[in-house]
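Close look at the chain arrangement
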Amino acid sequence: MSLRRLSQLQWIGLLAGGTIWWTEYLAGIAESQVRCNSASGNWGLPHDAIQIGFGAFAGTIVLVALAASAIVFRETRDHEEHDPPPHGRLHFFSAAALAGNVIFLTIIILTTVGTVVDRTCHVA
Amino acid sequence: MTTTVTERVDRLERMWVERPGVLGWLTTTDHKRIGLLYFWATLVFFGAGGIEALTMRTQLIEPNAHLVGPTLFNELFSVHGMTMIFWFIIPMTTGAFGNYLVPLMVGARDLAFPRLNALSFWIFLASGIFLYVGLFSGNGPNAGWFDYVPLASKVFDPGRNIEIYTLSLILNGISSTLTSANLIVTIFKLRAPGMSFNRMPLFCFAFLAASLGLLFALPSLTADLVFLYLDRNVGTHFFDVAHGGSTLLWQHLFWFFGHPEVYILIVPAFGIATEIIPAFTQRKMIAFPLVAIAELLVVFIGFGVWAHHMFATGLPSTTLIFFAGATAMVVIPSTIQVFAWSTSMIAGRPQFKTPLLFIAGFIFMFVVGGLTGIMFLAIPFDQQTTDTYFVIAHFHYIIFGAAVFPIFGGMYYWFPKVTGKLYFERPGQISFWILMVGTNLLFFPMHIVGLLGMPRRVYTYPANMGWGSYNLVETIGGYITGIGILVLFANLVVSYFRGAPAGHDPWHGPTLEWSIPSPPPEYNFATIPVVSSPYPNWDHGDRERDGKRLAAGEDVHDQGHQQPISALIDGWRVGIADMPHSSPWPILTAFVLCMMATVLVVEKFVVAGFLAIVLLLTLLGWHSKEPQEQ
Amino acid sequence: MSEITAETLDPRARERFPIGWWGAAILIVSESVLFGMMIGTYFYLRFRNLRWPPEGVPKPHVLVPLVVLGCLIATAVPMQLASIAGRAGRLRPTRWLLVLSALVGAGYFGVEVWQFTQDLHTSTPQRDAYDSIYYTLLAADHAHVAVAVLLVLWLLWKLRHGFTRYRTTALRAIVFFWHAVIVLTIAVILTTLSPSFT
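Residues numbered from 1 in each chain as written. Chains lettered and ligands numbered in written order. Predicted model: local features only at pLDDT ≥ 70, side-chain atom pairs only at ≥ 80, totals over all residues. Heavy atoms only, no water.

Broken down by element type, chain B carries 18 helices and 2 strands. In summary, chain B has a C-alpha radius of gyration of 25 Å against a globular reference of 25 Å for 630 residues, a match within 12%. Its C-alpha atoms give chain B principal-axis dimensions of about 85 × 60 × 50 Å. The buried share of chain B, reckoned over its 630 residues, is 65%. Partitioning the contacts of chain B with sequence separation of at least 6, the portion at a separation of at least 24 is 79%. When the accessible surface of chain B is summed, it comes to about 20400 Å², and 71% of that surface belongs to carbon and sulfur atoms. (Helix = DSSP H or I, 4+ residues; strand = E, 2+ residues; numbered from the N terminus. Rg over C-alpha atoms; globule rule 2.2 N^0.38 Å. Buried < 20%, exposed > 50% of the residue type's maximum accessible area, 1.4 Å probe, protein only. Contact = heavy atoms within 4.5 Å. Areas by Shrake-Rupley, 256 points an atom, 1.4 Å probe, with all protein chains shown as cover.)

This is the structure in structure tokens:
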């Protein structure tokens, strides 16, 4: 794989997961507030479906980021964490991104399940 | 015509020499001097915060005591909290340790913006004087360190106390923002050749994380403080429910800053731990990439958990569950680090000298505090224990254990580098054990008395609640802690005058500061080092090559006050910059800002406007002299 | 064994962003978060109030603010051209482009201050939370536009003796700040005018 491609995958792995988690997180919080607001709660929005949709979309992006980091990690497996750049730095960033993306995915799952299972503000 | 090494180093020394005397200190832009100024100033504030704490503990030693009344007690706990967070831990870590050590660790001669660095310090000092003049004049902040409205509104707090709160914190926030900007740009652009991100010391990752946290968090606090100031002095209604405002707005904006702030408090301390452990185990840190990303992740995820401070405010649980979920996972990066530290210690050959003792104590206290923190993410549990002493126990284990213990350890560890003397080991170890006993006696019973229902921020309590014996033990623990702190500082003072010479590298430390003399020369590095790992002082080949380059007169950069600039990701050299030397503009600018804050306390808006124009003129003067072209 | 020596100047690496530019970038990040918080406050308060604006407060005028906003957005072009000309060392075009941008920016500021004072005749920040956040947001934004114009004037004064590396970096940093102020102004104006769009 070319260095240019590895570099692109490295940045996707490092940045996409955190960015999409943060976006989904704020969107989910806002949606939960919409659900519980006395006016907007009556608009008949499919709240559970929206939350699951947010979670699924964000989770997919994080999985893509995970895959990107895993590819870079595997392609640079002959290099060690303190090896000279670019390969050493690629290996380091991909290892870091693997850990980060696993955590982001877990938060997305926890919060999506939590907000759907919690029945507060659900219209009967 | 060739010049000898001695001639080149002499020229470097002449280029970088500091102005003598008091004027030299007032106009300094050298990161080491500014680091020392921060160190001493923060110690004074630490002492003040400690006296406030002991006064409160003495008042609470028994039920219905009368040492201080409720009005003064309100000011004591408010100013204690503010002082310890904003005037001790943040400036001690980012201002003292960060300023002194980050340039040394990345192989630079100063921070990226030396005059801005000086400005940060003088604004910080001004903000502290501002706060304490407020306290001593009977206008100390009195609504807690997080100052909730409506208690802090003009209706319920009509004096000037909250103006002192808002304006001192705005000044302090400006100082911290400037420091964080400086540290970020230094870490990004001033690294030594070869120091790509995967070869940067973990200490620098920690300080990068803390600085990025400060940068993104402080504006939220600034907005909150400005809204509060406007509500109180201009008659706006941001927090006034009767006119469309929201009291919860204060809490959201505050905690969006406040939670990252508490990670910002401990992450630099993590950085100190990640340098002390390799030095005293003579072993590289296990799982380097995971520790590096954990330091950044804990701050990044920490931005998402703010409303876990608001679980008892009546927000719907379907919203709160997001914050519970994120809080559950923010523990993971910290856990990764605890495992890495512990296994590195076990796998290496630990020498439990004083610095490592403090780190061991830190790990213990951090785990205890972390466990109670996890308990809070359970919303029903939090709703029972919020605003009780259980919370105070939790955050003091974290703050004292996870921030202050590493700071003390760091003071011992770098004492030889800064002073050129060795500290006395036995009193050092004694100070550690006194502090371990003292802090656990002081803070552990707070868990129990909190579960027994004792609320926080009460100036006394009745005799029949069963809280008296716990409070007595806590107060005794507080005094033992005070003794431990005194022993620690007495040891450092005596060591300064009587300690044996330390030499370059008493610990065989891993990072670049141990490769230069103690104390370091003004220019730090005679020849710019080349690195190939995060443990450059252990790469003997690289250091020998540095010596050869110095002998050949290469990369000395003695034609001015010069500093190499590097590329962001991989540390390639891209140029040379001429850095500013001593300057009166930082202290003058800080003075004008302090005057603006002072007149705003008394609502003299026209005078403040005039001072803003003076400020612009000062900034013009600051930029009147341009650097030499390279 | 290090593969990198002190003399290694990577031929691909040139100083794309000098540290002065980074200083401006950090400042912009900080100010953007500040405005983000204030805009967040606007919508937080907006969704906690049944009537927005409240009874008796007219919806904001749209035409004049949007027209002058358009003029401000248009200054992004001469400012960017000034940055390019400056890096090429062409002094006269740089100065003229800066003068043009400063004039339009100052004009924008003047019109907005006039609009601000007109608005104060109908409603003051002390009336309601709506007015409090409306006037505070706008005042903060106008202050940033004023600072941007002052920075351009300072730069013009510095450039009277021609280019140096320092002044070129200053030009790039100030142009970056100018673009950021335009983006922030778009966000602020659209926020404060949002009741008139719904």
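What follows continues from the structure just given.
Turning our attention to the interface of chain B and chain C. Counting residues at the interface gives 56 residues for chain B, matched by 44 residues for chain C. Buried surface at the junction of chain B and chain C, both sides included, amounts to about 4200 Å², of which 69% is carbon and sulfur. Viewed at the interface, chain C and chain B are joined by 2 salt bridges. Salt-bridge contacts for Glu626(B) lead to Arg167(C); the nearest nitrogen and oxygen are separated by 2.9 Å. Counting every contact that joins chain B to chain C gives 12 residue pairs in polar contact (both at pLDDT 80 or more). Those elements that provide at least two residues to the side of chain B that touches chain C are α6 (161–189), α7 (202–233), α8 (247–281), α16 (540–551), β2 (573–578) and α18 (605–622) of chain B. The element contributing the most residues to the side of chain B that touches chain C is α7(B), with 8 residues. Broken down by class, the residue content of the side of chain B that touches chain C amounts to 31 nonpolar, 15 polar and 10 charged. (Buried area = accessible area lost by both parts, 1.4 Å probe. Salt bridge = Lys/Arg side-chain N within 4 Å of Asp/Glu carboxyl O. Polar contact = N/O pair within 3.5 Å; in protein donor to acceptor, adjacent residues only side chain to side chain. Nonpolar A, V, L, I, M, F, W, Y, C, P; charged D, E, K, R; others polar.)

Before going further, it helps to examine the packing of α7(B) against α8(B). Residues and elements named next belong to chain B. At a closest axis distance of 8 Å, the pairing of α7 and α8 adopts a crossing angle of 160°. Comparing their axes, α8 and α7 come out roughly antiparallel. When the axes of α7 and α8 are compared, the crossing they make is left-handed. Each residue belonging to the contact of α7 with α8 can be placed in one class, and the counts come to 25 nonpolar, 4 polar and 3 charged. (Axes fitted to C-alpha atoms, helices over the stretch in contact; angles between N-to-C directions. Parallel < 35°, antiparallel > 145°, perpendicular 65-115°, else oblique. Left-handed = near helix turned anticlockwise from the far one by under 90°.)

Right, let's get into empty space enclosed by the protein. Within the structure shown, the criterion is met by 4 cavities of 30 Å³ or more. Volume-wise, the largest cavity comes out at about 90 Å³. Top element by residues in the lining of the largest cavity is helix α4 (residues 91–122) of chain C. It accounts for 4 residues. A per-class count over the lining of the largest cavity returns 7 nonpolar, 4 polar and 2 charged. Lining of the second largest cavity is provided by Tyr38(B), Phe86(B), Ile90(B), Pro91(B), Thr94(B), Gly95(B), Phe124(B), Asn172(B), Ser175(B), Ser176(B) and Thr179(B). (1 Å grid on protein atoms, 1.4 Å probe; cavity = no way out; pocket = protein on both sides within 12 Å on 5 of 7 lines; lining within 4 Å. Points joined across faces, edges and corners; volume = space filled by probe spheres on them.)

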